[in-house]
Structure formats: C-alpha cells, structure tokens
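Geometric and topological summary
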Amino acid sequence: MTPSPVSATSAASDVDLVAAARDGSDPAFAELVRRYQGQVERVVIRMVGPGDEAEDVAQETFIRFHGALRTFRGDATVGTFLTRIAMNLSLNVLRRRRWQLRRFARRDVSDTADTAVYGAGSDDRATASDQRARIERALGRLSNDQRAVVVCRMLEDCSTRETADLLGIPEGTVMSRLTRALERLRRELQTEGIDEA
C-alpha cells in the first residue's frame, strides 16, 4: 500500500522537507512549520513576552524562513536556523519598542508589590504558572543582550558556541554577558520572591 502524501511528509527528514519546500511543496513547508512552531514560539515569547506581538514575530520568522529556502545550505540545522531568525526579529522588536518594555516592567513590579501586600504566604502556595510568570517578569527586566544570551544558553539549552553563532558574537562575549545576566537575574528573582534553591 502506498503511503498517503501527508504521512509520507511527516516521516520525511528535515533535509528532504527543505528540498521539497524549495521546489514549491506546500505540504513539506507546512510540516516544517508544524515541527518547529512550538520551538519558535517559545523563543519569541521568552524574548518579547506573550501576546499579539509575539504571534506576529513567530509568523514573520516562518515567512523569512520561506523566503530564505533558496539560499539555505544546511550548514545549520533547521531548528538552529529558525531560532536565529526568531532571535534577530525579537531583538529588532525590543530595540524599536524599548520604552514599552520599560513601562511594562514598571507595571509588573508594582503588581508584584500589591501581591506581596495582599497575598500573604503566597510563596508557599504559588502555582507553577504563578512562578513562571514571576520568572518571565524577572527575565523581562534584563537588557536585550542579556536576555538573548539567557534564552539561548539557559532556556533553549544551546551550547556556548551555538549561542555565539546564533547571536553573531564571540564565545567570550557570551560568557561575560551570561555572567552579568545571571547576577542580575538572581537579584530580579529575589525581587519576585523567588530565592535560589
């Protein structure tokens, strides 16, 4: 029995899917999107925060990827290539909208203070989503460069070399930014009521 085009596409390797998508196969490109949509969304949300803007950046990532299929040589994996696009687009958004992020961070700090006043004992009963929200707020108060390094190196489990390649900076710069970022993140997490284990 001949496999259906859908099942054949879902069983294909990334290399085969890229080749087929380059030749105009919509199902092949749709399969690449399906495989990597979660990864791209995760990176973007960690960089720019949740919401419409993150959805726009994630969508633009795949649009840019589609446009780059002809020149994609496979030097990096599809996942790494998409992460690089998502990271660059996210950094562009953060540069353009720096003032909005500052306002967002100030609002979140005051919300956290209200919670501390009106929600005594909340640390012991905080849900996983509450803790995630606190971590995201703390992460949002890092500089763009520091946040990018933390997202790549610590949250996406990229190596130092992969992080350097993704961000286009030397490995030594990755390490120095990461050191400063983790020191700042530690302070911000304490502000959010999360102490190191």
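Structure shown above.
1. Description of the overall build of the chain
Looking only at helices and strands, the chain has 11 helices and zero strands in total. Listed N to C, the secondary structure of the chain is α-α-α-α-α-α-α-α-α-α-α in terms of helices and strands. By the burial criterion, 38% of the 197 residues in the chain qualify as buried. Nonlocal contacts in the chain, meaning residues at least 24 apart in sequence, comprise 64% of its contacts between residues at least 6 apart. Surface accessibility of the chain: about 11700 Å² in total, with carbon and sulfur atoms responsible for 50%.

2. Let's talk about the packing of aromatic side chains
A full pass over the atoms with the stated rule returns four aromatic pairs. When the ring of F65 is compared with that of F72, the centres are 6.1 Å apart and the planes differ by 80°; the resulting orientation is edge-to-face. You'll find F65 and F72 in the same group, each marked buried. Taking 4.9 Å as the distance between ring centres and 55° as the angle between the ring planes, the aromatic pair formed by F72 and F81 counts as tilted. A relative accessible area of 10% means that F72 is categorised as buried.

3. A word on unusual backbone geometry
Phi angles above zero are rare outside glycine, and D157 is one such case at about 60°. Tracing the backbone through its elements, the reader meets D157 in the loop between α9 (144-155) and α10 (160-167).

4. A few points about α9
Along α9, the residues classified as buried are N144, Q146, R147, A148, V149, V150, V151 and C152. D157, located one to two residues past α9, shows a positive phi value of around 60°.

5. Comments concerning the packing of helix α4 (residues 52-68) against helix α5 (residues 78-96)
Where α4 meets α5, the axes come as close as 9 Å, and the angle between the chain directions of the two elements is 130°. On the basis of their axis angle, the class for α4 and α5 is oblique. Handedness of the α4/α5 crossing: right-handed. Touching E53, V57, E60, T61, F62, R64, F65 and A68 of α4 are V78, F81, L82, I85, A86, L89, S90 and V93, all from α5. Residues that form the contact of α4 with α5 fall into these classes: 11 nonpolar, two polar and three charged.

6. Remarks on the nonpolar core
If you look at the biggest cluster of nonpolar residues, it comprises 51 residues, and the most contacted ones within it are M47, F65, V78, M87 and L167. When residues of this core are traced back to their parent elements, those giving at least two are α2 (14-22), α3 (26-48), α4, α5, α8 (128-140), α9, α10 and α11 (171-191). Here L167 is in contact with M87, L91, A148, V149 and C152, once residues within four sequence places are set aside.

7. Re the environment of S25
Along the chain, S25 turns up in the loop between α2 and α3. Here A28 takes part through its backbone nitrogen, which lies 3.1 Å from a polar atom of the side chain of S25.

Analysis parameters
Residues numbered from 1 in each chain as written. Predicted model: local features only at pLDDT ≥ 70, side-chain atom pairs only at ≥ 80, totals over all residues. Heavy atoms only, no water. Helix = DSSP H or I, 4+ residues; strand = E, 2+ residues; numbered from the N terminus. Buried < 20%, exposed > 50% of the residue type's maximum accessible area, 1.4 Å probe, protein only. Contact = heavy atoms within 4.5 Å. Areas by Shrake-Rupley, 256 points an atom, 1.4 Å probe, with all protein chains shown as cover. Phe/Tyr/Trp six-rings, centres within 6.5 Å; stacked < 30°, edge-to-face > 60°. Axes fitted to C-alpha atoms, helices over the stretch in contact; angles between N-to-C directions. Parallel < 35°, antiparallel > 145°, perpendicular 65-115°, else oblique. Left-handed = near helix turned anticlockwise from the far one by under 90°. Nonpolar A, V, L, I, M, F, W, Y, C, P; charged D, E, K, R; others polar. Core = buried A, V, L, I, M, F, W, Y, C linked by side-chain atoms within 4.5 Å. Polar contact = N/O pair within 3.5 Å; in protein donor to acceptor, adjacent residues only side chain to side chain.

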